[in-house]
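Coordinate inspection notes
These are the residues of each chain, in order.
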Amino acid sequence: MTLDELASVYLEASSGDARNALRRALADAMTEIATVSGQVSRGYVRAGRPADLTRKLGRDRREREAQATVG
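These notes cover the structure that comes with them.

The rules we used
Within every chain, residues take consecutive numbers counted from 1 along the sequence as written. For this predicted model, a pLDDT threshold of at least 70 governs which residues receive local features, and a threshold of 80 or more governs which side-chain atom pairs are given and counted, while totals over whole chains, interfaces and linings are taken from all residues. Derived side-chain values reflect all non-hydrogen atoms in the structure, with water molecules and hydrogen atoms excluded from consideration. Secondary structure is summarised from DSSP: a helix means a run of H or I of at least four residues, a strand means a run of E of at least two, and numbering begins at the N terminus for each. Polar contacts, as used here, are pairs of N or O atoms within 3.5 Å; protein pairs need one atom able to donate a hydrogen and one able to accept it. Residues neighboring in sequence count only if both atoms are side-chain atoms. Whether two residues are in contact is decided by their heavy atoms: any pair within 4.5 Å suffices. The span expected for a helix works out to 1.5 Å for each residue beyond the first. With a 1.4 Å probe rolled over the protein chains alone, any residue whose accessible area is under 20% of its type maximum counts as buried; one over 50% counts as exposed, and the rest are partly exposed. Candidate patch residues must exceed 30% relative accessible area and have no salt bridge, after which like charges are joined if within 9 Å and Val, Leu, Ile, Met, Phe, Trp or Tyr side chains if within 5 Å. Every accessible area reported is derived by Shrake-Rupley at a probe size of 1.4 Å, with residue values counting cover from the shown protein chains alone. Should a side-chain nitrogen of Lys or Arg be within 4 Å of a carboxyl oxygen of Asp or Glu, the pair is scored as a salt bridge. Computed over the protein atoms alone on a 1 Å grid, cavities are sets of points where a 1.4 Å probe fits but cannot get out and pockets are open sets with protein on both sides within 12 Å along at least five of seven lines; a residue lines them when it has an atom within 4 Å of a point. Grid points are joined across faces, edges and corners, and a volume is the space filled by probe spheres set on the points.

**Concerning the side chain of Ser 14**
For Ser 14, the position within the fold is in the loop between α1 (3-13) and α2 (18-41). Within polar-contact distance, the side chain of Ser 14 engages the backbone oxygen of Tyr 10 at 3.0 Å. If we skip the residues at most four places from it in the chain, Ser 14 touches Asn 20, Ala 21 and Arg 24.

**Focus on α2**
A rise of 1.5 Å per residue sets the reference length of α2, with its 24 residues, at 34 Å; its end C-alpha atoms lie 34 Å apart and thus fit the reference within 8%. Within the span of α2, buried status applies to Ala 21, Val 36, Gly 38 and Gln 39. Between the side-chain oxygen at the start of α2 and the backbone nitrogen of Arg 19 there is a gap of 3.2 Å, and the oxygen is on Asp 17.

**Thoughts on a nonpolar patch on the surface**
A surface patch of nonpolar side chains, amounting to about 450 Å² of accessible area, comprises Met 1, Leu 3, Leu 6 and Val 9. Turning to its location among the elements, Leu 3 is positioned in helix α1.

**Some remarks on the layout of surface pockets**
There is about 390 Å³ of room inside the largest pocket. Every residue lining the largest pocket is counted, 15 residues in all, and those nearest its centre are Met 1, Leu 6, Tyr 10, Arg 61 and Glu 65. At the level of elements, α1, α2 and α3 (50-70) are the ones that each hand at least two residues to the lining of the largest pocket. Considering each element in turn, the lining of the largest pocket owes the most residues, five residues, to α1.

As structure tokens, then:
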């Protein structure tokens, strides 16, 4: 998903209210950062290079979102 598509999704979910869309995006980002920080501190996430970490976290996030949608 591109940033433009993501922005459109947040804007649509906020009924066109840009401030609300930004608040939602920021809240989601902060939640993701807290999750990753907790995983890293507990040793769940290990990577040799930043690109490896990005690939792993992206895959894990897509799996979590798919499970949340199904369940």
